[in-house]
Amino acid sequence: MDDTDPLSFYLLSISTADFGIGFWISIVVLILLLVSSALISGSEVAFFSLSPEDREGIDYGNEPYAETASQLLSQPKDLLATILIANNFVNVAIVILSSFIFDQIYPANPDLIGVDYLRATIEIAGITFVLLLIGEVVPKVYANRNSLSLVKLMSSPLNFIGKLPPFSWLKNFLVNGTEVILKYARKRQIDVSTDDLENAIALTREESTSPDEQRILEGIVNFGNTDVRQIMRSRVDAIAANEDITYAELMELILNSGYSRIPVFKDTFDNVTGILFVKDLLGHLNAPPDFEWQKIIRQPFFVPENKKIDDLLKEFQEKKMHMAVVVDEYGGSSGIVTLEDVLEEIIGEITDEFDDEDIVYTKVDESTYLFEGKTSLVDMYKVLEIDGKAFEESKGESDSIGGFLVEQSGRILRNKEFYIFENFKFVVESSDKKRVKMVKVIKL
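If you're wondering where the values come from, they're calculated on a predicted model, not measured in any experiment.

(A) Structural view of the nonpolar core. Core analysis: the biggest nonpolar cluster contains 31 residues, and Phe47, Ile58, Leu79, Ile94, Val151 and Leu158 have the highest contact counts within it. Sorting the residues of this core by element identifies α2 (21-48), α4 (64-73), α5 (76-105), α6 (117-145) and α7 (147-163) as the ones contributing at least two each. Once residues lying within four places of it in the same chain are set aside, the contact partners of Phe47 are Leu72, Leu73, Leu79, Val151, Met154, Ser155 and Leu158. Formed by 19 residues, the second largest nonpolar core is a distinct cluster that contains Phe424, Phe426, Val436 and Val441.

See the structure below:
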């Protein structure tokens, strides 16, 4: 067999090797470093995969580790920097020490000219495999299933490492350097306001763009700034069923309303107990008059008045619901809002065979319109083709034309009294002691 053959030389080296005390000390140190690498790598997963219950237990716990762990978790950037720096130091030490030990086991062949590919392959593949298996994969899988146990074990060591130079210097440099980079990146970001987007849409308006397309674009821009109370149907106009009515009375209500979903309340509309899906009654069309229809109503979905409709749309999608009951700050029911109401803010009015458009408004001439007092301000903006910014900035809690007039004038205006706001004149056509019923809006 040729003496220059790498495999022959390797076998001969092992058989004649005389390992001294330094070799065995290196083996022990290498094992300790591998254990340290495993613990530190596992800590990264353990600390950042704690459940809310575990976090609460640590924050309010009385165990010795709890205060240290809570302090580390309160500064996640510092904790992550400490873990990464310590892990890199340990891994570099493992690579250096492994190379030293490998040189003792498989010394380089002095008679071989060029690269010993077999030796290089064994060294690189062996060290990489050991580091990945023991220092990364196994500890992180274990930490994912036993995060709290590893947090208890590693809180004090990581706290000590984070305060020990040069680790503390490198940690501060890394964290502060990251902050500088993020601060510079934030400065380079372009902050685009809603007004800028509206101006951009107005400037890019082309002759080929239809009014419907333009309205949809403007609706998308203003979508995130609209509250639920601006588009909801008030409780006065909402069709709802009392739990006490009979099955026959319920069927009559459904036929007269033409709606597919009806809120159900007990005693008053402030106490909505559920939503009746008309399709759930299809299997009970031939039910007796004493049928207990109350048992098939579904749980209601409540939303606050000031919720943004883009957030509401996401919740509708997640919960697979089409209707929500709007509640005020005192917990009373203000009205209802549907998925159709939300979509209409983008694509415009959606009408069906049950909608009656004549009651919304009447156009007297090019500059005069007649509205019901309960008509929402948002609907008025659409009819008058204005953005309504001045109204939104001046109004308080009101959402209807009548409410806006009462709010601005400080009282319920009587018949033929008027109020001028911006370039619009609001003339009260009909009112009573409780509310403004009919308003004429004149463009000045």
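(B) Layout of the pairing of strand β4 (residues 268-277). Pairing between strand β3 (residues 261-266) and β4: six bridges, direction antiparallel. From the neighbouring strand, Pro263 faces β4, where its bridge partner is Ile275. The hairpin formed by β3 and β4 contains one residue between the paired strands, and Asp267 there has a positive phi angle of roughly 70°.

(C) Examining the pairing of strand β10 (residues 418-421) more closely. Across four bridges, the pairing between β10 and strand β11 (residues 424-431) is antiparallel. In the strand pairing of β11, Ile420 is matched with Lys425. Taking the residues between adjacent antiparallel strands as the criterion, β10 and β11 are bridged by two residues, where Glu422 takes a positive phi near 55°.

(D) The arrangement of unusual backbone geometry in detail. Here the bond from Pro165 into Pro166 is cis, since omega is 0°, no more than 30 degrees from zero. Along the chain, the position of Pro166 falls in the loop between α7 and α8 (167-188). Positive phi values are uncommon outside glycine, yet Lys416 reaches one of about 75°. Within the secondary structure layout, Lys416 lies in the loop between α17 (401-409) and β10.

(E) Structural detail: the packing of aromatic side chains. A full pass over the atoms with the stated rule returns 11 aromatic pairs. When the ring of Phe391 is compared with that of Phe404, the centres are 5.3 Å apart and the planes differ by 55°; the resulting orientation is tilted. Of the two residues, Phe391 is situated in helix α16 (residues 389-394) and Phe404 in helix α17; the sequence distance between them amounts to 13 residues. Residue Phe404 is classed as buried on the basis of its relative accessible area, which comes to 1%. Among the aromatic residues, those joined into a cluster by ring pairs are Tyr381, Phe391, Phe404, Phe421, Phe424 and Phe426. In this structure, Arg298 is placed above the aromatic ring of Phe277, and the distance from its NZ or CZ to the ring centre is 4.1 Å. The ring of Phe418 carries Lys425 above its face, with NZ or CZ at 4.4 Å from the centroid.

About the criteria used
- Residues numbered from 1 in each chain as written.
- Predicted model: local features only at pLDDT ≥ 70, side-chain atom pairs only at ≥ 80, totals over all residues.
- Heavy atoms only, no water.
- Core = buried A, V, L, I, M, F, W, Y, C linked by side-chain atoms within 4.5 Å.
- Buried < 20%, exposed > 50% of the residue type's maximum accessible area, 1.4 Å probe, protein only.
- Helix = DSSP H or I, 4+ residues; strand = E, 2+ residues; numbered from the N terminus.
- Contact = heavy atoms within 4.5 Å.
- Pairing = 2+ DSSP bridges.
- Phe/Tyr/Trp six-rings, centres within 6.5 Å; stacked < 30°, edge-to-face > 60°.
- Lys NZ or Arg CZ within 6 Å of the ring centre and 35° of its normal.

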